[in-house]
Amino acid sequence: MKVRTLVAVFLLCAVVVPGQEKKGYRTSPVGYSDTPVLPGQKWRVHDIARPHPAVVTPGAKPGDPPSDAIVLFDGKDLSHWTAETKHGPAAAAWKVEKGYMEIVPGSGTLVSKEKFSDIQLHIEWAAPAAITGDSQWRGNSGILIMNRYEIQVLDSYHNLTYADGQAGAIYGQWPPLVNAARKPGEWQSYDIVFEAPKFEGGRLVKPAYATVFLNGVLLHNRKEIIGRMAHRVVGTYAPHAAEEPLGLQDHDTPVRYRNIWVRRVKGYDQP
Ligand code: MG
């Protein structure tokens, strides 16, 4: 009898325990094929046939490169860069130490060996701690996207200059929405989404757009770029290749950079 009871209890458990597990585990459909079609799209609401986005593993901590990023500078060397000097192309000659690179004034703008079109860019920079000038002579450099569209780098902490030339400005065109600059010498971060312009038959058919965050603060939301970077004149577009290198401006000031990575964005349309 006792053995029978034990067997009965065992069987009861075998039936009840999985049942209990099922109780706390809920399932739902992974898509539908009888829902309305979304306006302007070929997909239905929750379409079961809609392709899924690629999996990207994010960096271990904020600011770290995700799994599909191209790391252009990891603090070690300038192997991803060349220099554009007054005398033409040259080996990159910026100083590399302690995990950052520093502009050697007069050594030329750094230009990435790789070329890009639409990108997400993360880049960290620091203006010199020592103040040796004012306005545009305080920590001036620049992120030259496609080596011509400039997101300004400048020490803009209590430093008056023209609004469209301060840190985060689309230089000479659009001031940033706010001034989110840290003190000189402190590390700051740009996160930039850039849509490359498009040319057809030598004519501009779509301008470039930039979305920019400085230290996590929004400076531009898909702002239309008027043309290439220019000083004291209106920048204009001139046709160029679909992919161009990233430039870091040498403006005769020892600005530092670190942790530079880029993600190629293959169009901005959702799958
Ligand atoms: Mg500049």
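As shown above, the structure is provided for reference.
Since this is a predicted model, take the numbers as computed values, not measurements. (Residues numbered from 1 in each chain as written. Predicted model: local features only at pLDDT ≥ 70, side-chain atom pairs only at ≥ 80, totals over all residues. Heavy atoms only, no water.)

*Asks:* Could you clarify how one ought to interpret the packing of aromatic side chains in this entry?
*Replies:* The geometry of an aromatic ring pair comes down to the distance between the two centres and the angle between the two planes. Inspection of every chain in the model, using the stated rule, returns 7 aromatic pairs. Considering the side-chain rings of Tyr100 and Trp187, the 6.0 Å spacing of their centres and the 50° angle between planes classify their relative orientation as tilted. Within this pair, whereas Tyr100 is found in strand β5 (residues 100-102), its partner Trp187 is found in the loop between β9 (149-153) and β10 (188-195), the two being separated by 87 residues in sequence. In this structure Tyr100 comes out as buried when scored by relative accessible area, which is 7%. A residue is classified by how much of its surface remains accessible, and Trp187, at 23% relative accessible area, is partly exposed. (Phe/Tyr/Trp six-rings, centres within 6.5 Å; stacked < 30°, edge-to-face > 60°. Helix = DSSP H or I, 4+ residues; strand = E, 2+ residues; numbered from the N terminus. Buried < 20%, exposed > 50% of the residue type's maximum accessible area, 1.4 Å probe, protein only.)

*Asks:* Help me out: how do you make sense of the coordination of the magnesium ion in this one?
*Replies:* Ideal geometry at a metal centre: 109.5 degrees between donors when four sit tetrahedrally, and 90 or 180 degrees when six sit octahedrally. Surrounding the magnesium ion are the protein donor atoms Asn140 (OD1), Ser141 (O), Glu150 (OE), Gln152 (OE1) and Gln249 (OE1), which sit 2.2 to 2.4 Å from the metal. Mapped onto the sequence, the donors of the magnesium ion take the spacing N-S-x8-E-x1-Q-x96-Q. Placement of the pair is Glu150 in strand β9 and Gln249 in the loop between β15 (244-248) and β16 (256-264), with a sequence separation of 99 residues. Judged by its relative accessible area of 10%, Gln249 is buried. (Donors = N, O, S within 2.8 Å, 3.2 Å for Na, K, Ca; no water.)

*Asks:* Mind showing me how you'd approach the sheet that holds β9 here?
*Replies:* In any sheet, the strands associate via hydrogen bonds between backbone groups, in a parallel or an antiparallel arrangement. Strands sit in the order β3-β2-β6-β15-β8-β9 across an open sheet of 6 strands; the sheet is antiparallel. A strand with exactly one partner marks an edge of an open sheet, and here the two such strands are β3 (88-91) and β9. Neighbour to neighbour, the strand axes of the sheet diverge by 30° on average, direction disregarded. In this sheet, β15 lies alongside strand β8 (residues 141-145) in antiparallel orientation, the contact comprising 2 bridges. Following the sheet pairing, Leu144 is matched in β15 by Gly247. (Pairing = 2+ DSSP bridges. Axes fitted to C-alpha atoms, helices over the stretch in contact; angles between N-to-C directions.)

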